[in-house]
Amino acid sequence: MTFWTGMDCFRKKERELERKLRANDREYNLSFKYATNAIKTSKYNPFTFLPLNLFEQFQRIANAYFLFLLVLQVIPQISSLSWFTTVVPLVLVLTVTAAKDATDDINRHRSDNQVNNRKVQVLIDRKLRSEKWMDVQVGDIIRLENNQFVTADLLLLSSSEPLNLVYIETAELDGETNLKVRQALTVTGDLGEDSEKLADFNGEVRCEPPNNRLDRFTGTLTYVGQKYPLDNEKILLRGCTLRNTEWCFGLVLFAGPETKLMQNSGKTTFKRTSIDRLMNVLVLCIFGFLAFMCTILAIGNCIWEMNEGSQFMIFLPRQDGNNAAFSAFLTFWSYVIILNTVVPISLYVSVEIIRLGNSFYIDWDRKMYFARYDTPAEARTTTLNEELGQIKYIFSDKTGTLTQNIMTFNKCSINGKSYGDVYDYTGQRLEITEHTETVDFSFNPLADPRFMFHDHALVEAVKLEDPEVHAFFRLLALCHTVMAEEKKEGELFYQAQSPDEGALVTAARNFGFVFRSRTPDSVSIVEMGEQRSYELLAILDFNNVRKRMSVIVRSPEGKLCLYCKGADTIIYERLHQSCSKLMDVTTEHLNEFAGEGLRTLALAYKNLDEEYFNQWKQRHHEASTELDNQESKLDELYEEIEKDLLLLGATAIEDKLQDGVPQTIEQLSKANIKIWVLTGDKQETAENIGYSCNLLREEMNDVFIVSGNSPEDVRQELRNARTSMKPVEDSMFLPERTLGKGVKVIADELVNGEYGLVINGHSLAYALEGSMELEFLRTACMCKAVICCRVTPLQKAQVVELVKKYKQAVTLAIGDGANDVSMIKAAHIGVGISGQEGMQAVLSSDYSFAQFRFLQRLLLVHGRWSYLRMCKFLRYFFYKNFTFTFVHFWYGFFCGFSAQTVYDEWFITLYNLVYTALPVLGMSLFDQDVNDVWSFQHPQLYIPGQLNLYFSKKAFFNCALHSCYSSMVLFFIPYAAMHNTVRDDGKDVADYQSFALLTQTCLLFAVTIQLGLEMSYWTAVNTFFVMGSLAMYFAVTFTMYSNGMFLLLPSAFPFLGTARNSLNQPNIWLTILLTSILCVLPVVTYRFLLIQLCPTINDKVMFKVRRAKATPAPPPLRTRIRRTSSRRSGYAFSHAQGYGHLVTSGRFLRRPALSASSGFANIGRTTTGFSPMGRSAGYSPTGRPQNAKVPDVEVTSLQMYRTIRDPVF
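About the criteria used
Residues numbered from 1 in each chain as written. Predicted model: local features only at pLDDT ≥ 70, side-chain atom pairs only at ≥ 80, totals over all residues. Heavy atoms only, no water. Pairing = 2+ DSSP bridges. Helix = DSSP H or I, 4+ residues; strand = E, 2+ residues; numbered from the N terminus. Axes fitted to C-alpha atoms, helices over the stretch in contact; angles between N-to-C directions. Salt bridge = Lys/Arg side-chain N within 4 Å of Asp/Glu carboxyl O. Buried < 20%, exposed > 50% of the residue type's maximum accessible area, 1.4 Å probe, protein only. UniProt positions renumbered as here; feature names shortened; annotations may be inferred. Contact = heavy atoms within 4.5 Å. Polar contact = N/O pair within 3.5 Å; in protein donor to acceptor, adjacent residues only side chain to side chain. Patch = residues over 30% accessible without salt bridge, like charges linked within 9 Å, V, L, I, M, F, W, Y side chains within 5 Å. Areas by Shrake-Rupley, 256 points an atom, 1.4 Å probe, with all protein chains shown as cover. Parallel < 35°, antiparallel > 145°, perpendicular 65-115°, else oblique. Nonpolar A, V, L, I, M, F, W, Y, C, P; charged D, E, K, R; others polar. Expected span 1.5 Å × (residues − 1). Core = buried A, V, L, I, M, F, W, Y, C linked by side-chain atoms within 4.5 Å. Phe/Tyr/Trp six-rings, centres within 6.5 Å; stacked < 30°, edge-to-face > 60°. Lys NZ or Arg CZ within 6 Å of the ring centre and 35° of its normal. Disulfide = S-S within 2.5 Å.

## So, the sheet that holds strand S6 (residues 165-169)
Pairing is antiparallel across the open sheet formed by three strands, whose spatial order is S7-S6-S12. On the outer flanks of this sheet lie strand S7 (180-183) and strand S12 (241-243), each paired with one strand and no other. Adjacent strand axes in the sheet meet at a mean angle of 45° when their direction is disregarded. In the sheet, S6 pairs with S12 via three bridges, with the strands oriented antiparallel. Counterpart to Tyr167 in the pairing with S12 is Arg243.

## Concerning the pattern of salt bridges
Taken as a whole, this structure holds 56 salt bridges when the rule is applied. Between Asp448 and Arg450 there is a salt bridge; the shortest N-O distance is 3.1 Å. The exposure class assigned to Asp448 is buried, which follows from its relative accessible area of 6%. Among the ionic pairs, Lys726 bridges to Glu749, the shortest N-O distance being 3.8 Å.

## Brief notes about the UniProt feature "active site" (unreviewed entry) in the protein chain
Using the residue numbers shown here, the UniProt feature "active site" (unreviewed entry) corresponds to Asp397. When its relative accessible area of 1% is taken as the criterion, Asp397 is described as buried. Residues contacting Asp397, with those up to four places away along its chain left out, are Leu402, Leu678, Thr679, Lys796, Ile814, Gly815, Asp816, Asp820 and Met823. Here Lys796 takes part through its side chain, which lies 3.3 Å from a polar atom of the side chain of Asp397.

## Overview of a nonpolar patch on the surface
A cluster of nonpolar residues, Phe893, Phe894, Met968, Phe972 and Tyr975, forms a patch on the protein surface that exposes about 440 Å² of accessible area. In this fold, Met968 is placed in helix H33 (residues 953-978). Note on Met968: relative accessible area 36%, which makes it partly exposed.

## Considering unusual backbone geometry
We note that Arg790 has phi near 55°; this positive angle belongs to a residue other than glycine. As for its placement among the helices and strands, Arg790 is situated in the loop between strand S32 (785-788) and helix H25 (793-806). In this structure, Ala899 is a non-glycine residue whose phi angle is positive, near 65°. Mapping Ala899 onto the fold places it in the loop between helix H28 (854-892) and helix H29 (905-915).

## Quick word on the packing of helix H24 (residues 773-782) against H25
The geometry of H24 relative to H25 is characterised by a closest axis approach of 11 Å and an angle of 85° between their N-to-C directions. When the axes of H24 and H25 are compared, the pair comes out roughly perpendicular. Mapping the contact onto sequence places Glu773, Leu774, Phe776 and Leu777 in H24 and Leu802, Val803, Lys805 and Tyr806 in H25. Residue classes in the contact of H24 with H25 are distributed as six nonpolar, no polar and two charged.

## Quick word on the sheet that holds strand S10 (residues 226-230)
Strand order in the open sheet made by the four strands is S1-S8-S9-S10, with antiparallel pairing throughout. What marks the edges here is a single partner per strand, and that holds for strand S1 (19-22) and S10. Each strand of the sheet is rotated relative to its neighbour by a mean of 20°, with strand direction disregarded. The sheet contact formed by strand S9 (residues 219-223) and S10 spans five bridges and is antiparallel. Opposite Tyr223, over in S10, you have Gln226 as the bridge partner.

## Quick notes on helix H17 (residues 580-595)
The end-to-end C-alpha separation of H17 is 22 Å, in line with the 22 Å expected for 16 residues at 1.5 Å each. Close packing links the buried residues of H17 with strand S16 (403-414), strand S17 (417-419), helix H16 (568-572), strand S25 (599-607) and strand S26 (646-657).

## Regarding the nonpolar core
If you look at the biggest cluster of nonpolar residues, it comprises 98 residues, and the most contacted ones within it are Leu347, Phe873, Leu874 and Phe878. For this core, the element with the most residues is H28, which contributes 17 residues. When sequence neighbours within four positions are dropped, the list of residues in contact with Leu347 reads Met279, Phe873, Leu874, Phe877 and Phe878. Counting residues in hydrophobic clusters, the runner-up holds 57 residues, among them Phe451, Ala477, Ala496 and Ile539.

## Examining the packing of aromatic side chains
Taken as a whole and assessed by the stated rule, the structure comprises 64 aromatic pairs. Taking 5.2 Å as the distance between ring centres and 90° as the angle between the ring planes, the aromatic pair formed by Tyr44 and Phe49 counts as edge-to-face. Here Phe1005 and Trp1069 contribute two aromatic rings whose centre-to-centre distance is 6.5 Å and whose plane-to-plane angle is 85°, an arrangement assigned as edge-to-face. In this pair, Phe1005 is assigned in helix H34 (residues 992-1014) and Trp1069 in helix H38 (residues 1066-1093), connecting sequence segments 64 residues apart. Judged by its relative accessible area of 35%, Trp1069 falls in the partly exposed class. Here the basic side chain of Arg22 rests over the ring of Tyr28, its NZ or CZ set 4.0 Å away from the ring centre.

## Some thoughts on the environment of Gly529
You can see Gly529 is positioned in the loop between strand S21 (522-527) and strand S22 (530-540). Taking C-alpha positions, Gly529 is 9.7 Å from Phe443, a pair spaced 86 residues apart along the chain.

## Section: the state of the cysteines
Going through the model one piece at a time under the given rule, you end up with zero disulfides. Free cysteine: Cys479, not disulfide-bonded; nearest cysteine sulfur from Cys564 at 6.5 Å. A residue is classified by how much of its surface remains accessible, and Cys479, at 0% relative accessible area, is buried.

## What about the environment of Trp247?
Summarising the element assignment, Trp247 is placed in strand S13 (residues 247-254). According to the relative accessible area criterion, Trp247 is buried, its value standing at 10%. Considering only alpha carbons, one finds Trp247 and Ser159, 88 residues apart in sequence, at a separation of 5.8 Å. Aside from chain neighbours lying at most four places away, what touches Trp247 is Arg143, Leu144, Glu145, Ser158, Ser159, Ser160, Gly192 and Glu193.

## As for the side chain of Gln57
Within the element layout of this structure, Gln57 appears in helix H3 (residues 49-57). Gln57 sits in the buried class, given a relative accessible area of 7%. In terms of polar contacts, Gln57 uses its side chain to reach the side chain of Asn53, at 2.8 Å. The residues contacting Gln57, other than those within four sequence positions of it, are Asn63, Val93, Leu94, Thr97 and Ala98.

## Looking at the pairing of S7
Alternating residues of S7 divide into Lys180 and Arg182 and Val181 and Gln183, and every residue in both groups is buried. Here S6 runs beside S7; their pairing, made up of four bridges, is antiparallel. Residue pairing for S7: Ile168 is matched across the bridge by Lys180.

What follows is the structure, given as structure tokens:
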């Protein structure tokens, strides 16, 4: 894609109020200048790279400063240093940074080209032609085939499936793999795949302008004089994948950057770490201090010239016009050049190298490699590593990030008996592992081979034809809206609108009640090998208010029955009073299931009277054809018939968490990191996962639910929650701290106890309004955990921005779908989960890996080490350079303020480049206070990073004071030691060159010893760097001060023989020893007193490490604590209203199933070989293997309370 094409994609135009387009009319559609389907995420092209990149780099204050210095150094009247001492490091820094930026942008270009050059069939000139994605335009008709990505936002016209249905997977949009259904208008569905008819189609669409609302669409289609309404059920969004549909045709409505996927991508911002921001402030302070020092020295020069300099005019006459004031002016700029080492350019080179090295550690970490998907961790940016050690808030998606989106049928309770646990011959419950024996379903040729269950007692009850057990699984096989597909005899595939339903129908299938096919008025199942067809009389569909669904069926024997499943609290309200005893026992089971974090629902049934049902059906028909209050009238009818139910039992489904999620959340919580879950799931589902992963706990004082439907309700609920946590109000702002542009920082408020907050999407919309956002933020930040349900991608980003705006804290967002992209871009650090749910989140992230559990290693190990190393580096770097520079300042008072350097010019050039570069890099790349095992055992080690304790303005000020003291020792001790001193042979050693050599040698020893004190972890590499740098100093010094170098270039090497004449004197070495001791003595004393009187968490842990003298053994595995729960576990049919109306209307049917022969062997009552073992089974909408691990539960001895004798079973 050319640069101009990309620019065309993003052409600014007037705000669009309504989209108008005509099918197959490019000329008409081009008049509106709609965006093409090309996308552009890159920043540069070959022509703009150099100017734009240099412009960006010189926006960094330090780079502009060094450019200014370079200009000064080419002025001979000012400069006392050669120009190459500045230009070489500056060019090196600019080149390295430009190369890195170019590499990143080339990768973005490749990604763009890969997407833009995908092929799709477009109807052009009455023929289907293969075109690139970027050439597709609004108004084109395109053909998609099975498993293809949707090219742009399309209006579905026709499909290969009956009644113009298509099945799509939206994993790229929301991380969900359960299939969703879309249906075309009948008038366009009749076009089929006839190219002539499609080419003649000239319908006009008027619809909403481009926006980021994924769940809403409004528009109209005008065709042949008729207007047809369009909604979200007829739209295919870019990023979706076509599944189980041979082909479909669609009309392009939005293309490229105007698609809802790209509209949700958020703005790409340049992310900088808090240390970077602090550095900019400090650099400005340093510049001010540099100007202050230069001003003092210039004033001193002026005074000296007037008092002392005039006496030398006979020998050194001034040039015409040069007076003391002008001399002071030139001296000011000369000292600007000499003292520029307070901010050496090598600082920025070193920082980039350190960040790059720590990024490689993340890339190379085998403990963050996920073998199943062959996915290593990847640091996609190298500029944010130390920020990983300062995270205070984590914002996480749920589906695909915390969970695997795989539901497993784990346990159940049938007529008062619990199934699913494993016991040995003594009756003790056993822990279930992957080696535990599974139930043999070979008696059932239609069983799903991926389904696993371990409790032989349940399958034995099925084979013994226990009527309650049969009724239980019959209900699961009949009461649902799942669609069955059977392309080969006996190979069944279920398409469920939610993974929960799929798991339940799959469980019934394996236990001998196989859902085979459906028509609008019948459901065919195979019951223990016998084919049976039930007449489907009504579906009382699920929605978020009813929290249940029912079906009314007529059995082949002619009996009418209502089957109902739903949230247990809802079902219990509608049970017959005869079920009270069974209800108590089932409640006990439900508490056990919910306590283990399983998703539960209750099952019940009711036999219906034929006469009553006919009357009810008539009233139902009348209500369903009403125009006014249709929903409320239907709800009344549903309430009427769904009462006096008889309880059958309950199911428990595990929404499988990713491995290690609860442990990771617990560790991060101990590190004082607050975790907010932002999910599109409904409240019950999200709350249930919150308990499963230890985010919400039964031990919490309270979990507040905010679900108000008006701003006043939401505000009151937030205030009530805050009052409960903290009855006494105080100031919400920190009066002395503000962020940029006058935004005040909200203080962390202490509360007694731990609390959780759950808020719905519609309530969150009110809470994020300007008048209420602070109310929401205060309340949420007082809670240990926050869960936001039913949130849109934009709301996710708004929540992150809100915390960034008012809290002086570092945020991290982690997700796996395209709906998380805006959140990932908004946070300080964005992490993408790579693997099964698409790559949109990864492409927008700063770091990526395959499993949520790796986050604790990224933060508690790599992040903490990176932050610790960077802070140590900056403290030491400023120390050594301030010390180096301040010696110049003191020397100015003894050299007539002449801007003469106190050191040899070669030492000045090589000090940061050779003598001190490798030791500090070694410390910054290899140092660690404790190893990774101790870091995990003591997550509190992470807290100092959140509080900026290792490097701050205070630490910088202390560093400057330390440097000032050291520089005075390093200047005045050698000065006094050499004053009026002679060699042991009686010759004078108090010359400038000898003093320069002694001072720079003392300096190098002092800063090297200080480095040794800073280092906690000595390696062979560190030791080599330190010793090698000292050896290099002496080797280079003796070489440059040799006769040979002087003879080659006398002007460049004037220190002839200084090294061999000075360094052979004992008093010189005694002076070096004295200055080194005096420099480090205050540091050693201070640290000793600090550790003794006020030890930090690091000091305490390092003391424990020294006492242990070995890496400790890993902590023992935690045993699962039994707990009961007063809450009800979530019941999730789907994220939206069910498809019952589609099923009964006949508009939801796939191709007819093959001949439904049962294939069962004859099953008798006699069974052998059963052992009392138990385990769960799994349903995955994408057919992935499951490796479920079930928590231990306590066995409960229960009796059968009721026997079903009704002939309907």
